[in-house]
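Below are the chains, spelled out letter by letter.
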Amino acid sequence: MSADSGGETLDRFTERGLDWLAEPATSALVHDQVARRIDELESDAGASLVKRNLVRAVFRMQLDGFGAVIVKRYAVRGPLDWIKYTFRASRALEEWRVGRWLDEAGIATAVPLAMAERRRGVLRDAALVTREIKDSVHLNEYVEEHLMCSPARPAIDALRHALFDQLAQIVRRVHDAGFVHNDLHGGNVLVNGPPDSAQVHIIDLHSVKRYRRRTSPAGKRWFDLLKLLHSMRTCSTPAERVAMCRAYEDEGQGPSKTQVTALLASGRLSDVLETRLLAMERKRIRSRTQRSLDRSSRHDVTQRGGFRIHHLRTIPVADLLPLISAHRESMRAGGAAVLKDARKSALTRQTLHSGGVTRSVVVKEYRCAGVAARLKNVVRRPRPIASWVAGNGLVVRGFDVAAPLALLMDGRGPALSSAFIVMEDLGDGQRLDLIALDRFVGDLDAPRRAEKKRLLSLVATTFRRLHQEGIYHGDMKAVNLFLREDGDAVSMVLADYDRVEFDTPVPPRRRIKNLAQLSASVPICIGLADRLRFFREYTRGDERVARQWKNWFQLIIADCRRKIVVRTEPIE
């Protein structure tokens, strides 16, 4: 069945309850090889899952006689979406329209071949089929793979400049054509081709808005540009970001009428831009930290077995519940599985069976049934929730931690009676104080001395970074620090996330407390010279504190006198 759309004849057909709109040249292929199989893509050997989140599932498949295509199946998540898509186009229809418009304007994108909707009063289902952008990767990945600068590759600078200029010019063309992307980041920019002739493509167009007057608002343009540059902070320099803004400004017919115009003229672009990008990064990190409590592409929230469960989507709830029974049995029986049994918390080591894989995990129980704990939960975030958020916040900020896998809570707020966090088991042998006792006691040969220096530097760098980034950990003892060794790669791992605070400057008093906690918990085989070396590395880049090292040492020693100091035996 044919229909006219914008002066062009398109094919319409119905298959599997979906009403399809398709390009005539590929309509028959889409009908026979996609539309008829749309409900079986999950299990179809000819289709591979590329991505899945709360919004859509994305598949790649081959059309015989055509080549590879991308099929997006959009989720319709109940009444709120029914209402929403009663008054606006579905994501599939938006991407179909915008993709065709951009293609007509000569802007490289994933060209739509077909789209489909099922509407029975309200939107029930939607799908989109586009050409695959062959051999393409996301922008940041492309730069890291092909265009990382090094002294051995001096010509790379020119290639980076050319790629970034091309991207800025395409964004300006999109804006001048009357479009604003609204979700323009490196993940929505694909690049293919060799570095000397790389091609940029703009994808994921469901958030794009077209302004009928053919001029998009200056504020929206500026936001698009900021979001793109923010996503490129790890693969571009401040000077390159300024150069991209200049290329954006020079591409169009006259000034862009965004803030770029005035900031370039005043010479303030770099300062203003970097300040805005830093603020955006802080906002992103705070948002992603709190997202661990909500349903997202990474986490889910489930009610099961009397618990409210926040968990990684990769771990089914059915695999988590047996851990609680096993933990309680271990606490009753005692033995080696019990790692800690205190008034406020208890830890056991358990075995998680999930997805055909067996691994060791630690279950931490929070005992919240006391009157004092219940009263505190009225005015503050309960400890187990704060700990779960903190663990995920450290992950978001790029720190290595014992991975938080799930939070299970019996009750909420003042009614919270118990809670459990399931986390990665780091083992016993890699604990920092035990490593010191195992490797650095007595006379050391040259390799051992070099290893000790590297370890001291690693720990000092971790402490410095935590404090520089406004992160305070209230219990930085060696028993909570582990070493993760994977070949030549070594990282310091935080095993506990209780009493972690974010996003406020760490004052000297708290920094000294953390350093004293570590100093008191590390055995005396780490001597005075080692501790001085540690402090020099910790204060690298902070000349004011480095000059006051004697005062800091006196304060650390005074704090240590109030603690149980480890000598030759570990202490919990």
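The text that follows walks through the structure, step by step, so that each part is easy to find. Every chain is numbered on its own, with residues counted from 1 as its sequence reads. pLDDT decides what is reported in this predicted model: residues at 70 or higher carry local features, side-chain atom pairs at 80 or more are listed and counted, and totals for whole chains, interfaces and linings draw on all residues regardless. Water and hydrogen atoms play no part in the side-chain values, which are based on all heavy atoms of the structure.

1. Describing the sheet that holds strand 17 (residues 345-354)
We treat two strands as partners when DSSP finds at least two bridges between them. For helices the rule is a DSSP run of H or I covering at least 4 residues; for strands it is a run of E covering at least 2, with both sets numbered from the N terminus onward. Reading across the sheet, the 7 strands line up as 14-15-19-20-18-17-16 and stay open at both edges, with antiparallel pairing between neighbours. The open sheet is flanked by strand 14 (299-304) and strand 16 (338-341), the only strands paired with a single partner. For this sheet, the mean angle separating the axes of adjacent strands, direction not counted, is 20°. Sheet strands touched by helix 10 (residues 317-333): strand 14, strand 15 (307-312), strand 16, strand 17, strand 18 (357-367), strand 19 (404-410) and strand 20 (418-424). Its angle to strand 17, the strand with the most contacts, is close to 140°. Comment: axis = line fitted to C-alpha atoms, over the contacting stretch for helices; angle = value between 0 and 180 degrees taken between N-to-C directions. Contacts are residue-level and defined by heavy atoms, with any inter-residue pair within 4.5 Å sufficient.

2. Let's talk about the sheet that holds strand 9 (residues 137-138)
The 3 strands lie next to each other as 9-11-12, forming an open sheet whose pairing is antiparallel. Pairing within the sheet leaves two strands with one partner each, and these edge strands are strand 9 and strand 12 (199-202). Taken together, the 4 bridges between strand 11 (residues 189-192) and strand 12 define a ladder with antiparallel strand orientation. Across the sheet, the residue bridging to Asn192 is Gln199, located in strand 12.

3. Quick notes on the pattern of salt bridges
A side-chain nitrogen of Lys or Arg and a carboxyl oxygen of Asp or Glu constitute a salt bridge if their distance falls within 4 Å. Using the criterion set out here, one finds 46 salt bridges in the structure. For Asp530, the salt bridge goes to Arg533, with nearest N and O atoms at 3.2 Å. Of this pair, Asp530 and Arg533 both sit in helix 16 (residues 528-538), 3 residues apart, roughly one helical turn. Only protein chains enter the accessibility calculation, which uses a 1.4 Å probe. A residue is then buried if its area is under 20% of the maximum for its type, exposed if over 50%, and partly exposed in between. Looking at Asp530, the relative accessible area reads 7%, which means it is buried. Accessibility expressed as a relative area gives 29% for Arg533, which makes it partly exposed. What emerges from the salt-bridge pattern is a single network uniting Arg16, Asp39, Glu40, Arg73, Arg118 and Asp125.

4. Let's talk about the packing of aromatic side chains
Pairing of aromatic rings covers Phe, Tyr and the six-membered ring of Trp, with a centre-to-centre limit of 6.5 Å; geometry is then stacked below 30 degrees between planes, edge-to-face above 60, and tilted otherwise. Counted according to the given criterion, the structure contains 8 aromatic pairs. Each member of the aromatic cluster is reached from another via a ring pair, and the members are Phe535, Tyr538, Trp549, Trp552 and Phe553. Lysine and arginine charges are scored as sitting over a ring when NZ or CZ, respectively, is within 6 Å of the ring centre and within 35 degrees of the ring normal. Cation over ring: Arg124 sits above Trp82, and NZ or CZ is 4.6 Å from the ring centre. Positioned above the aromatic ring of Phe502 is the side chain of Arg397, whose terminal nitrogen or guanidinium carbon lies 3.9 Å from the ring centre.

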